[in-house]
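# Per-entry structural report
Listed below, chain by chain, are the residues.
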Amino acid sequence: MKVSHGLIGICGGHARVEGAVLRDPATGFAVEMRDGCNAVNVTILLWSAVLAFPAPWRLKALGFLAGSLLIQAVNIVRFISLFYIGQYSMTWFDFAHGYLWESLLVLDTMVVFCLWANRASKYGAVPNDGR
Amino acid sequence: MTADKPLARFLVRGSALLILLLVFWWFLLLNPLLFLLRDSAEIFGTLILGDDSRQFVTETPSGDWSFRVPLEVVAPRLPQQSGPLQIHSIDFDIARSDVNAFTFSLPVFWAIVLAAPGIRRSLRPLIFGTILVAILEIVLLLIFVEISARNAAAQLAPQSGWTKWFLHFGEYLVVNVIPYAAPFPIALSVHRELRSQFCRWGEGTPIPGGRRPGLQSGAARNGRPRSKKQRRRDMGPARQS
């Protein structure tokens with residue numbers, strides 16, 4: 001919330017943080033960051049994939065950290081964009097919130113995992129092929 | 001770094017296609033797909049869950065979907081009744097907005113497959129995967145309907161804590177997880193090129209006790225039978241160990 005608020009301020013926008021709510025003081029429009037909105041589901045998906053991949057723990061820790069940071073960065077972009085889309089049109093907000101950003105986050109998570117797994121295998125991890 | 005380039009390109013192309021195709025789906029494709037989904041649900045729902053006496057699914061004037069699911073429930077006796085109430089089927093409505101999720105996987109799948117390099121080579125996986133995703137969406141809708149019917153029945157006949165938890169978890173998976181996540185593994189499983197380009201972690205790893213990938217047989221390499229010398233060279237180090 002604070003990062004989103006800070007970024008909006010840096011870019012010249014106006015917003016007010018009220019707990020987990022980001023509000024536009026002019027229009028009164030507000031978005032709330034709930035439990036499911038903090039990209040926790042895709043972060044768990046990434047962590048599960050990283051955990052299941054045969055790699056040294058040092059690389060896994062790197063995957064957890066870097067992957068989570070990347071996902072959170074995308075999620076901040078998502079949150080700020082939804083804050084502005086909602087002020088423009090609620091139909092577009094529903095579409096972007098319910099479908100578009102959800103699938104973009106999953107795509108992002110998949111690519112982040114592939115990037116990590118390709119590098120992890122290059123640096124000495126050998127996948128166990130079950131034989 | 002060069003191995004990351006195709007992934008970066010895929011991410012950019014995939015994101016752009018996701019935006020385009022999802023907008024196309026939201027404004028143009030949603031109604032025809034819902035129409036097809038309702039007819040498919042009617043056919044398969046009647047076969048699997050429903051009975052022939054009444055339509056399995058109908059559309060209400062407000063656009064919501066009305067279902068009738070056969071379910072044997074014994075409701076506890078109410079003060080004004082002489083005995084327990086036997087229920088044979090449950091009727092309930094599902095908001096149209098809730099059913100949208102069961103058509104959403106198709107544009108996501110198309111975006112992933114079309115983001116892979118080589119559109120011509122993607123045609124077969126596109127068709128095959130579309131059929132798979134369509135089947136999955138019908139199955140998910142039927143599971144969702146069954147769970148909703150059991151949830152409605154729970155208001156009449158209370159369920160155990162485990163059953164409630166299991167139904168709630170199942171509903172979460174069917175509505176919020178599988179439609180969003182399934183297009184990705186399906187695309188990877190039907191599109192060999194996409195899989196080989198992005199899942200490179202199996203490359204160059206030693207195969208325990210087997211042949212080395214670089215020492216393919218002469219016949220496999222150029223279609224000619226191998227000489228004795230070649231065969232000895234191919235077999236040498238692996239046999240010695």
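Described below are features of the structure shown in this document.

This next bit is on the overall build of chain A. The helix and strand inventory of chain A stands at four helices and three strands. Its helices and strands in sequence order give chain A the pattern α-β-β-β-α-α-α, from N to C terminus. What you see for chain A is a C-alpha radius of gyration of 18 Å, clearly larger than the 14 Å of a compact globule of 131 residues, by over 25%. The dimensions of chain A, computed from C-alpha atoms along their principal axes, are 60 × 25 × 20 Å. For chain A, the proportion of its 131 residues judged to be buried stands at 44%.

Right, let's get into the sheet that holds strand β2 (residues 21-23) of chain A. Think of a sheet as strands paired side by side through backbone hydrogen bonds, with each pair either parallel or antiparallel. Residues and elements named next belong to chain A. Taking strand neighbours across the sheet as the criterion, the three strands line up as β1-β2-β3 in an open arrangement whose pairing is antiparallel. Every interior strand has two partners, whereas the edge strands, β1 (16-18) and β3 (30-32), have only one. Taken pair by pair, the neighbouring strands of this sheet meet at an average axis angle of 20°, ignoring direction. Pairing of β2 with β3, which is carried by three bridges, proceeds in the antiparallel orientation. By the bridge assignment for β3, Leu-22 is matched with Val-31.

A word on the pairing of strand β2 (residues 65-75) of chain B. Residue and element names in this part refer to chain B. Both strand β1 (residues 57-59) and β2 contribute to a ladder of three bridges, which runs antiparallel. When the bridges of β2 are listed, Thr-58 appears paired with Ser-66. Between β1 and β2, which pair antiparallel in sequence order, lie five residues; one of them, Gly-63, sits at a positive phi of approximately 100°. In the sheet, β2 pairs with strand β3 (residues 85-94) via nine bridges, with the strands oriented antiparallel. Considered in β3, the bridge of Arg-68 is made with Asp-91.

Between helix α4 (residues 90-122) of chain A and helix α1 (residues 4-48) of chain B, the least distance of the axes is 10 Å, while the angle of their chain directions is 160°. Here α1(B) runs roughly antiparallel to α4(A), going by the angle between their axes. Considering only the axes of α4(A) and α1(B), their crossing is right-handed.

This next bit is on the layout of surface pockets. Empty space among the atoms becomes visible once a probe the size of a water molecule is rolled across them. Residues and elements named next belong to chain A. By volume, the largest pocket amounts to about 1100 Å³. With eight residues, the top contributor of residues to the lining of the largest pocket is α4. Among the residues forming the lining of the largest pocket, the class breakdown is 22 nonpolar, seven polar and six charged.

Moving on, we come to the sheet that holds β3(B). All names here are of chain B. Across the sheet, three strands lie side by side as β1-β2-β3; this open sheet has antiparallel pairing. Every interior strand has two partners, whereas the edge strands, β1 and β3, have only one. Sheet twist, expressed as the average angle between the axes of neighbouring strands with direction ignored, equals 35°. Docked against the sheet, α1 engages β1 and β2, running at close to 150° with respect to β1.

About the criteria used
Residues numbered from 1 in each chain as written. Chains lettered and ligands numbered in written order. Predicted model: local features only at pLDDT ≥ 70, side-chain atom pairs only at ≥ 80, totals over all residues. Heavy atoms only, no water. Helix = DSSP H or I, 4+ residues; strand = E, 2+ residues; numbered from the N terminus. Rg over C-alpha atoms; globule rule 2.2 N^0.38 Å. Buried < 20%, exposed > 50% of the residue type's maximum accessible area, 1.4 Å probe, protein only. Pairing = 2+ DSSP bridges. Axes fitted to C-alpha atoms, helices over the stretch in contact; angles between N-to-C directions. Parallel < 35°, antiparallel > 145°, perpendicular 65-115°, else oblique. Left-handed = near helix turned anticlockwise from the far one by under 90°. 1 Å grid on protein atoms, 1.4 Å probe; cavity = no way out; pocket = protein on both sides within 12 Å on 5 of 7 lines; lining within 4 Å. Points joined across faces, edges and corners; volume = space filled by probe spheres on them. Nonpolar A, V, L, I, M, F, W, Y, C, P; charged D, E, K, R; others polar. Contact = heavy atoms within 4.5 Å.

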